[in-house]
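# Analysis of the macromolecular model
Residue strings, one per chain:
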Amino acid sequence: MKYGFFDDGAREYVITRPDTPAPWANYLGSPEYGALISNNAGGYSFAKSGANGRLLRYVFNNFDQPGRYMYIRDNESKDFWSASWQPVGKSLDEYRSECRHGTAYTRMLADYAGIHSEALYYVPLNKSYEVWNLTVRNDSGKARKLTVTGYAEFTNNSNYEQDQVNLQYSLFIGRTYFDKNRVVQQVHGNLADIEKDKPVDNKIVTERFLGLAGNPVSSYCGDKEEFLGRYHTYANPAGVERGDLGNGLSYNENSCGAVSTVIELQPGEEKSIAFIVGMKYSDEAEKIIAGYDDVRKTCEAELSELKEWWHGKFENFQVKTPSAEFNTMINTWNAYNCFMTFIWSRAASFIYCGLRNGYGYRDTVQDIQGVIHLAPEMAVEKIRFMLSAQVDNGGGLPLVKFTHNAGHEDTPDDASYVKETGHPAYRADDALWLFPTVFKYVSETGNLAFIDEVIPFANKDSGTVYEHLKRAINFSMERLGPHGLPAGLYADWNDCLRLGKNGESSFVAFQYYYAMTVIKHFAEYKKDSEYIAFIDRKQAEFGKLLNDLCWNEDRFIRGFTEAGETIGKRDDPEANMWLNPQSWSVISGFASKEQAEKALGSVRKQLNTEYGAVLMDPPYHAHAFEGALAVIYNAGVKENSGIFSQSQGWIILAEALSGHGNAAFTYFLENAPSAQNDKAEVRVLEPYCYGQFTEGKASPHFGRSHVHWLTGTASTVMVGCVEGILGMRPDFGGLRIAPSVPSDWKEFSMEKTFRGKKLKISVENPNGKESGFTEFYVNGEKLSDNYVPESKLTATTEIRLIM
Ligand code: GLC
């Protein structure tokens, strides 16, 4: 079953049936002002922080309410509906709707009772307020008189928990007033006459507003209870029913911003207005609203600006392949998803309720990888930031606070850090993610000077990027377990594996092995031959150990427990086969050809399903060791044998690096949201963004996906596709092009911005190969290697590869 389609030309996903199996969401805004909106206008907004800057309320685990509602009432028939299908929810036999989620804007088109409406929601670029632009057109044959009402449900306190939980306090600090064209809500309005720089108990007056531009206000309401009316719901607010909001205000209890306006339309005539919402003092709100006098023109210009910004980023890498599902993900939706995880980390969605006030170290360092090829200048800013959250012992801070103050932070070694963040100890993998990320950035840009840039450590001291990387190596080297593999510490990538100081992780071992390979590139640049010799020796010793300890006939084991028991052996009753050690044995460059073939074959045989490979198998149930936290989840779910989508990116990459284009693409397709567009009743989640996991074959809901948008999947799959399948593999000196594609792709092309130059790459595959090349041309010159050295790049570089 499907509920919509991809409009690739417009870079929009178009929902044609509003009764989607879950709220299908989009993001608006930036960290200055963030907002989520569903296809039925549900969602919330916050200024700067989801935890402490919440201004529009959303009730989680509920019916996608409240939202940014715009009601339309026919004053003759007294019938009313909403510009989004919900909350009024007219019969779909009479109400036609289309929701178009685009890049940081959402448009909702509706036709009902001869009135066409178009609601455009967005946060203007670099602004910190939101606009709900509504255009109504009279498509009926007679003159119409409409009352249009905008409704925003303010939180009573900017702190999400205070608003939702501490009601004995937060219900008694708010009030609203009306001024010209806006309802203004004051939180702690009683402090209005106290100077703002003299907070009382850290509190000052905060103001939020909902204002109207483009038409005069006919009535207003600032009190939620009064707006809805007793025992009414968002579907039939009393004020909307009456066509007059009654001009009531709030003092205590729940505030809202609601204003109505009357619009008269001759047949064929249309009118555009805008409701504007923000957290600003009223004088500033007045200026903002005044900027929308010419509503249509201003909103159109702002929308174009948004599109230009976003599409401009995407233009840096575009593909045309025979697979529409692949194209739409790489060109728009996976790219957009990568920016969302890059920007929002795991802070705010309909599942992440906005409370998390920081970046997970590993999450963000991985998220960066998804945007390096599209926006290296944004990536490097965040790399700097994450390096400044590395402790001087080389480990990463498990949680980097949004208020991070480099050089002055406590660490997991301090009780204060543990108390504040809830993270009791270092994790084994955090800083090791820096190796692929920093390497990819320097390789993409050729910005070798970055290696010498001095960046502070989180707690004290500073060092060059090279020094930061060396310390990350040391961190692992100094924390080896009894067998000599990296200790599992509080967790490795898998939050549900508590291997401890005396347990050991093969996944981290592969990361560590890979890190040693990567640091040698940096050491070569630094002409640090002594260090290279040292790492060479260490890596050889370590490789031997890794092989002896972890290879088990046709698979790599997952590690050792604190008690020295092996996890992930062939003959274990549960969890005898794990996905990540197999993919990472290849990605790290460790596995021999024979091991790679066997390990990847075992994954296909035991772990793969029609929706992707499960994280491990069989699920934990009766044989979980102490520390195998996955057992707390239902079998087939999350880390307990769910299809953990993030890991799908690594298996795509591993297969591609092994030259298995068909297998790599199969893994892509199995879990690609776009490929499940007509299976919405199974997938449930949006068909245009990734989710954290899909329920595995052990679940009765096999194929259902969860935890939309904010998942490391966005970046791992992007890397798996761009670096793996499409074979874009830059290094310090240039770009290797080594596609690993389905054998039935006869040809495809790519356009890539690379170090300020435009590359136009065409690939021909006349003999149905999966990888490899026979001929390679750069600007017509035949080269013997499929590698473009930087010196051969011209403003527009034409590249032709024949497989
Ligand atoms: C979640 C966490 C991530 C972790 C993964 C596997 O996605 O955000 O940090 O690596 O689960 O446990």
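Model, not experiment: these values are computed from the prediction. (Residues numbered from 1 in each chain as written. Predicted model: local features only at pLDDT ≥ 70, side-chain atom pairs only at ≥ 80, totals over all residues. Heavy atoms only, no water.)

## Looking at the overall build of the protein chain
Put simply, the rule is: Secondary structure elements follow DSSP: runs of H or I of four or more residues count as helices, runs of E of two or more count as strands, with numbering from the N terminus. The globule rule is 2.2 Å times the number of residues to the power 0.38, and the radius of gyration it is compared with is taken over C-alpha atoms. Any two residues having at least one pair of non-hydrogen atoms within 4.5 Å are treated as being in contact. A positive count includes Lys and Arg, and a negative count includes Asp and Glu. His and the chain ends are not counted in either. Charged groups are reduced to one reference atom each: NZ for lysine, CZ for arginine, CG for aspartic acid, CD for glutamic acid.
What the protein chain contains, in helices and strands, is 20 helices and 43 strands. Taking 803 residues into account, the globule formula puts the C-alpha radius of gyration at 28 Å, and the protein chain, at 28 Å, falls close to it. In terms of its C-alpha atoms, the protein chain occupies a principal-axis envelope of roughly 80 × 60 × 55 Å. The contacts in the protein chain between residues at least 6 apart in sequence include a share of 66% that link residues at least 24 apart. Each charge class in the protein chain was averaged separately, 82 positive and 103 negative side chains, and the resulting centres sit 1 Å apart.

## Let's talk about helix α20 (residues 713-725)
Heads up, the rule is: Three exposure classes are used, based on accessible area relative to the maximum for each residue type with a 1.4 Å probe and protein chains only: buried under 20%, partly exposed in between, and exposed over 50%.
Counted residue by residue, α20 has twelve buried out of 13 residues, so it is predominantly covered. Among the residues of α20, Thr 713, Ala 714, Ser 715, Thr 716, Val 717, Met 718, Val 719, Gly 720, Cys 721, Val 722, Gly 724 and Ile 725 are the ones counted as buried.

## Describing the domain arrangement of the protein chain
Put simply, the rule is: Those domain boundaries reflect an automatic or database domain assignment.
When the domains of the protein chain are assigned, the result is domain 1 (7-311) and domain 2 (731-802). Its C-alpha centre places domain 1 at a distance of 49 Å from the equivalent point of domain 2.

## Thoughts on the site of the ligand
Going by this rule: In this text, near means that some heavy atom of the residue lies within 4 Å of the molecule or strand in question. Polar contact is defined as a pair of N or O atoms within 3.5 Å, subject to the rule that within protein one atom must be able to donate a hydrogen and the other to accept it, and that residues adjacent in sequence are counted only when both atoms are side-chain atoms. Using the Shrake-Rupley algorithm and a 1.4 Å probe, accessible areas are obtained, with residue cover drawn only from the displayed protein chains. Here a cavity means grid points, on a 1 Å grid over the protein atoms only, where a 1.4 Å probe fits yet cannot get out; a pocket means an open set of points with protein on both sides within 12 Å along at least five of seven lines; lining residues are those with an atom within 4 Å of a point. Assignment of a molecule to a cavity or pocket requires that more than half of its atoms lie within 2 Å of the corresponding grid points. Note on residue classes: Ala, Val, Leu, Ile, Met, Phe, Trp, Tyr, Cys and Pro are nonpolar, Asp, Glu, Lys and Arg are charged, and everything else, Gly too, is polar.
Near the ligand you find Arg 362, Asp 363, Trp 493, Asn 494, Asp 495, Glu 639, Phe 644 and Gln 692, and these make up its full shell. At 2.5 Å from an oxygen atom of the ligand is found a main-chain nitrogen or oxygen belonging to Trp 493. One of the side-chain nitrogen or oxygen atoms of Glu 639 is found 2.5 Å away from an oxygen atom of the ligand. For the ligand, whose unbound accessible area comes to 310 Å², protein coverage reaches 93%. Taking a 2 Å distance to the grid points as the criterion, the majority of the atoms of the ligand fall inside the second largest pocket. Across the shell around the ligand, the residue classes tally to two nonpolar, two polar and four charged.

## What to know about the UniProt feature "domain: Glycosyl hydrolase 94 supersandwich" (unreviewed entry) in the protein chain
To keep it simple, the criterion reads: UniProt positions are given in the numbering used here, feature names are shortened, and annotations may be inferred rather than shown by experiment.
When the UniProt feature table is mapped to this numbering, "domain: Glycosyl hydrolase 94 supersandwich" (unreviewed entry) covers residues 11-294. The distance separating the terminal C-alpha atoms of residues 11-294 is 27 Å; by composition the span is 10% helix and 41% strand.

## Some words on the layout of surface pockets
Under the convention used in this document: Grid points are joined across faces, edges and corners, and a volume is the space filled by probe spheres set on the points.
One number sums up the size of the largest pocket: a volume of about 900 Å³. What lines the largest pocket is a set of 39 residues, and nearest its centre among them are Phe 439, Lys 440, Tyr 514, Leu 657 and Glu 723. Listed by contribution, the elements that provide at least two residues to the lining of the largest pocket are α8 (361-369), α11 (434-445), α13 (506-525), α15 (579-587), α17 (645-657), α20 and β36 (728-731). If you tally residues by element for the lining of the largest pocket, the top one is α20, at six residues.

## Overview of the sheet that holds strand β40 (residues 775-778)
Formally: Strand pairing requires that DSSP identify at least two bridges connecting the strands.
Sheet architecture is open: six strands sit in the order β20-β38-β39-β43-β40-β41, paired in mixed fashion. Of all strands in the sheet, those with a lone pairing partner are β20 (317-320) and β41 (781-782), marking the two edges. Across four bridges, the pairing between β40 and strand β43 (residues 796-802) is antiparallel. Bridge pairing in β43 places Val 778 opposite Ile 799.

## Some thoughts on the sheet that holds strand β33 (residues 643-644)
Paired through backbone hydrogen bonds, the strands of a sheet run either parallel or antiparallel to each other. Read across the sheet, three strands follow the order β33-β34-β35 without closing on themselves; strand pairing throughout is antiparallel. Two strands close off the open sheet at either side, each with one partner strand: β33 and β35 (705-708). Sheet analysis places β33 next to strand β34 (residues 691-694), joined by two bridges and oriented antiparallel. Among the inter-strand pairings, Ile 643 is bridged to a residue of β34, identified as Thr 694.

## With respect to the environment of Ile 455
You can see Ile 455 is positioned in strand β23 (residues 454-456). Taking the relative accessible area as the measure of exposure, Ile 455 reaches 4% and is therefore buried. Put simply, Ile 455 and Glu 467 are twelve residues apart on the chain and 9.5 Å apart in space, counted from C-alpha to C-alpha. Discounting residues that sit within four places of it in the chain, Ile 455 has contacts with Arg 384, Leu 387, Ser 388, Phe 450, Ser 462, Gly 463, Val 465 and His 468.

## Side note on the pairing of strand β26 (residues 500-505)
Strand direction decides the pairing type here: strand β25 (residues 487-489) and β26, joined by two bridges, are antiparallel. Pairing of Ala 487 across the sheet is with Glu 504, part of β26. Across two bridges, the pairing between β26 and strand β27 (residues 559-560) is antiparallel. Following the sheet pairing, Glu 504 is matched in β27 by Phe 560.

## Observations concerning unusual backbone geometry
The linkage connecting Gln 65 with the following residue, Pro 66, adopts the cis geometry, with an omega of -10°. Looking along the chain, the bond that leaves Asp 617 and enters Pro 618 is cis, with omega of -20°. In this fold, Pro 618 is placed in the loop between β32 (616-617) and β33. Even without glycine at this site, Asn 61 takes up a positive phi of about 60°. Note on placement: Asn 61 falls in the loop between β6 (54-56) and β7 (69-74). Of note, the phi angle at Val 707 is positive, near 60°, even though the residue is not glycine. With respect to the helices, strands and loops of the structure, Val 707 is situated in strand β35.

## Things to note about the pattern of salt bridges
Going by this rule: Each salt bridge in this description consists of a side-chain nitrogen of Lys or Arg and a carboxyl oxygen of Asp or Glu lying within 4 Å of one another.
All told, the structure shown has 58 salt bridges when counted by the stated rule. The shortest N-O distance in the salt bridge between Glu 98 and Arg 100 comes to 2.9 Å. Judged on exposure class, the residue Glu 98 and its partner Arg 100 are both buried. When the shortest N-O distance is used, the salt bridge between Lys 593 and Glu 597 registers 3.1 Å.

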